[in-house]
Amino acid sequence: MNNSNLYWFRKGLNNGIPIALGYLAVSFTLGIAAKNAELTAFQGALASITCHASAGEFAGFTCIAALSTYAEIAIMELIINARYFLMSCSLSQKLDSGMKFFHRLIMGLFVTDEIFGLTVSVPEKLNPFYMYGIAAIASPGWVIGTYLGVLFGNILPVSVVSALSVGLYGMFIAIIIPPSRKNKVIAGLVAVSMTLSCIVSYAPVVRNIASGTRIIILTVVISLTAAILFPVKESRS
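Every chain's residues receive numbers from 1 upward, in the order its sequence appears when written. Where local features are concerned, this predicted model is filtered to residues with pLDDT of at least 70; where side-chain atom pairs are given and counted, the filter is 80 or more; whole-chain, interface and lining totals use all residues. Hydrogens and water molecules were not included; the side-chain quantities draw on all heavy atoms of the structure.

Engineer: Describe the overall build of the protein, naming the residues involved and giving the relevant values.
Structural biologist: Secondary structure is summarised from DSSP: a helix means a run of H or I of at least four residues, a strand means a run of E of at least two, and numbering begins at the N terminus for each. Assigned secondary structure in the protein consists of 13 helices and zero strands. For the protein, the succession of helices and strands along the chain, N to C, is α-α-α-α-α-α-α-α-α-α-α-α-α. A 1.4 Å probe rolled over the protein chains alone gives each residue an accessible area, and that area as a share of the maximum for its type sets the label: buried under 20%, exposed over 50%, partly exposed in between. Counting across all 237 residues of the protein, residues that qualify as buried make up 38%. Between two residues, a contact is recorded if the distance between any of their heavy atoms is within 4.5 Å. Pairs at least 24 residues apart make up 77% of the contacts formed inside the protein by residues separated by at least 6 positions. We get accessible surface area from the Shrake-Rupley algorithm with a probe of 1.4 Å; when it comes to residues, only the shown protein chains can shield them. Total accessible area computed for the protein in this model is approximately 14300 Å², and 70% of it derives from carbon and sulfur atoms.

Engineer: Give a detailed account of helix H9 (residues 128-152), specifying residues and quantitative values.
Structural biologist: Multiplying 1.5 Å by the helix residue count minus one yields the expected span of that helix. With 25 residues, H9 extends 36 Å from end C-alpha to end C-alpha; this agrees with the ideal 36 Å at 1.5 Å per step. Of all the bends in H9, the largest measures some 30 degrees and sits at Ala 135. For H9, the N-terminal cap is Asn 127; the gap from its side-chain oxygen to the backbone nitrogen of Phe 129 is 2.8 Å. Throughout, bend refers to the angle between the axes fitted to the seven residues that end at a position and the seven residues that start at it. Side-chain atoms alone can form a polar contact between residues adjacent in sequence; in general such a contact is a pair of N or O atoms within 3.5 Å, and within protein one must be able to donate a hydrogen while the other accepts it.

Engineer: Can you explain the pattern of salt bridges? Please cite residues and give values.
Structural biologist: What counts as a salt bridge is simple: a side-chain nitrogen of Lys or Arg found within 4 Å of a carboxyl oxygen of Asp or Glu. A full pass over the atoms with the stated rule returns one salt bridge. Residue Asp 113 pairs with Arg 83 through a salt bridge whose shortest N-O separation is 3.2 Å. Of the two residues, Asp 113 sits in helix H8 (residues 113-119) while Arg 83 sits in helix H6 (residues 83-92), which places them 30 residues apart along the sequence. In this structure Arg 83 comes out as buried when scored by relative accessible area, which is 8%.

Engineer: Quick one: what's the story with the packing of aromatic side chains, residue by residue and with numbers?
Structural biologist: Between rings of Phe, Tyr and Trp, where Trp is taken as its six-membered ring, a pair exists when centres lie within 6.5 Å; planes separated by under 30 degrees are stacked, by over 60 edge-to-face, and by other angles tilted. Tallied over the full model, the rule gives four aromatic pairs. For the pair Phe 129 and Tyr 132, a centre-to-centre distance of 5.3 Å together with 75 degrees between the ring planes defines the contact as edge-to-face. Here Tyr 132 and Phe 129 lie together in helix H9, a separation of three residues that amounts to about one turn. Taken together, the aromatic side chains of Tyr 7, Trp 8 and Tyr 130 make up a single cluster linked through ring pairs.

Engineer: How would you explain unusual backbone geometry if you had to name every residue and give the values?
Structural biologist: In this structure, Glu 38 is a non-glycine residue whose phi angle is positive, near 65 degrees. Position of Glu 38 among the secondary structure elements: in the loop between helix H2 (17-36) and helix H3 (41-50). Overall, Glu 38 belongs to the exposed group, its relative accessible area being 72%.

Engineer: Which residues make up the environment of Ile 64, and what values go with them?
Structural biologist: By the element assignment, Ile 64 lies in helix H4 (residues 54-65). Classification of Ile 64 by relative accessible area gives partly exposed; the value is 34%. Each C-alpha atom of the pair Ile 64 and Asn 36 lies 9.9 Å from the other, and the pair is 28 residues apart in sequence. For Ile 64, the contacting residues outside a window of four places in its chain are Ala 37, Leu 39 and Ile 73.

Engineer: Outline a nonpolar patch on the surface, supporting the account with residue identities and numerical values.
Structural biologist: Distance thresholds for patches are 9 Å for like charges and 5 Å for nonpolar side chains (Val, Leu, Ile, Met, Phe, Trp, Tyr), applied to residues having over 30% relative accessible area and no salt bridge. Together, Val 185, Leu 224, Ile 228, Leu 229 and Phe 230 make up a nonpolar patch on the protein surface, roughly 500 Å² of accessible area in all. Ranked by residues supplied to the nonpolar patch, first place goes to helix H13 (residues 211-229) with three residues. Tracing the backbone shows Val 185 in helix H12 (residues 184-202). With a relative accessible area of 33%, Val 185 lands in the partly exposed category.

Structure follows, in structure tokens:
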């Protein structure tokens, strides 16, 4: 296995192409929301540079349109994006203990659902240049899509934009299927996660909870249960 930084960066670029295409479509709709909040194309793109989260950005644009205070926006973003705390904690277990702080800091900026899905599936320790490669192509797609969404507004039908974003779901399937075929425990956990996620989305009481909060609760409960019932023994080098 080639462990050079250049190898991992190129691998990240290649694997990040589907994410970039999906981001281009999804962020276009965010650009429309930014335009409705009376933001310029530059301001919308700047928001996408600093926040790679569709739910977080959409909530932010909604708050801006409603003339919310800075404190209200900050609290809203903290709640909606709290699931990234869990993802970051999970990824930290795959980092070398001697990795420098600035690598961890930069990687933290690009922790998204899709990038997390790719990086956490790396069997060995995570090379930061793998995430840099993914981010180098995925992040521009996110930013450019937002910029174009503000410029062109509602020219594209919503149905077309939604159809383009299906690529992200296909990528997620491609991520979870290979390990699920190799490990029955993972396959079972994927099935349980999908089932419970569907149930809580329609259950009378919990369906009123914010989607981000539901994801956090399910993630903690399922991962904790799996860790207790199916502990993974770490190999010592």
